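Spelled out from the first residue to the last, the chains are:
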Amino acid sequence: MNKRVKGILAGCGVLAVLGGGLTFLLLTGGDGEESSVPQEENTAVELWAYDSDAVSRVEVNQPHGDTYAVNRRVDQTDTTDINGAATVQNVNNYFLEGYESLPMSTVSIRLLATRASDVHAAQTVLENAAASDLATYGLDDPIRVRLTLDNADDIAFCIGNATPVSGYTYVCMEGGSTVYTVATSNIE
């Protein structure tokens, strides 16, 4: 048989298979209704949200290390407005408790209060975790953080181990038993 004839027959065979597949799809799924295949749902859970200017104190308790707190102090800074006129602006600065008179990088410390003002869990790992389950995630002896807010309830949470997925860490709310993963950048 000629190569050209073989090519034409092979092409006709491929078209017949594709046409049959298209016919099958049109007959079984072309009625406009949604598929019964489950859709992945959004599993993000808001853990907390606050105005970063409302944080008056941050306390960090490390299980086998230092415990420290930073307190807000509102300082006035000379600046200029959009028109070039001199003005005074209030700036929230945070100072390590007991070391307020020492020079320190208030910008770095301010990140404790401002970095995680709106945190959503990337995933809920385990609900109603037993104490033995918390140990699996490093939450049996965690780093404990408490944010004291103006005119709102404190936010207290526990930081566990890093997850196997890079960039995420296990977290649970203080007194809670649900384990979440959150972006590590929110709690560094």
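Note that this is a predicted model, so its numbers are computed, not measured.

## Re the environment of Asp140
You can see Asp140 is positioned in the loop between helix 3 (131-136) and strand 7 (143-149). Of the residues examined, Asp140 reaches a relative accessible area of 48% and is grouped as partly exposed. Residues Asp140 and Cys158 lie 18 residues apart in sequence; the distance between their C-alpha atoms is 9.4 Å. Apart from residues no more than four positions distant in its own chain, Asp140 is found in contact with Leu134 and Ala135.

## Some points on the sheet that holds strand 7
Taken in spatial order, the 8 strands line up as 4-3-2-7-8-9-10-6 in an open sheet, and their pairing is antiparallel. The open sheet terminates on both sides in strands that have one partner only, identified here as strand 4 (86-96) and strand 6 (123-126). Recorded for the sheet is a direction-independent mean angle of 30 degrees between the axes of neighbouring strands. Strand direction decides the pairing type here: strand 7 and strand 8 (residues 155-162), joined by 5 bridges, are antiparallel. Counted as the bridge partner of Arg144 is Cys158 from strand 8.

## Observations regarding the environment of Ser177
When you line up the elements, Ser177 lands in the loop between strand 9 (168-173) and strand 10 (179-183). Accessibility expressed as a relative area gives 26% for Ser177, which makes it partly exposed. Spatially, the C-alpha atom of Ser177 lies 9.8 Å from that of Leu139, the residues being 38 residues apart in sequence. In contact with Ser177, not counting residues within four places along its chain, are Leu126, Glu127, Asn128 and Ala129.

## Here we look at the pattern of salt bridges
A complete count under the given rule lists 6 salt bridges for this structure. Note that Arg57 and Glu59 form a salt bridge whose closest N and O atoms lie 3.5 Å from each other. Owing to a relative accessible area of 21%, Arg57 belongs among the partly exposed residues under this scheme. Residue classification places Glu59 among the partly exposed positions, given a relative accessible area of 25%. For the salt bridge of Arg57 with Glu97, the shortest nitrogen-to-oxygen distance reads 2.4 Å.

## Points about the side chain of Asp75
Tracing the chain through its elements places Asp75 in strand 3 (residues 67-80). Taking the relative accessible area as the measure of exposure, Asp75 reaches 17% and is therefore buried. At 2.9 Å, the side chain of Asp75 and the side chain of Arg73 are in polar contact. Setting aside anything within four residues of it in sequence, one finds Asp75 in contact with Gln89, Asn90, Val91, Asn93 and Phe95.

Conventions adopted
Residues numbered from 1 in each chain as written. Predicted model: local features only at pLDDT ≥ 70, side-chain atom pairs only at ≥ 80, totals over all residues. Heavy atoms only, no water. Helix = DSSP H or I, 4+ residues; strand = E, 2+ residues; numbered from the N terminus. Buried < 20%, exposed > 50% of the residue type's maximum accessible area, 1.4 Å probe, protein only. Contact = heavy atoms within 4.5 Å. Pairing = 2+ DSSP bridges. Axes fitted to C-alpha atoms, helices over the stretch in contact; angles between N-to-C directions. Salt bridge = Lys/Arg side-chain N within 4 Å of Asp/Glu carboxyl O. Polar contact = N/O pair within 3.5 Å; in protein donor to acceptor, adjacent residues only side chain to side chain.

Shape is all these values report; function is a separate question.
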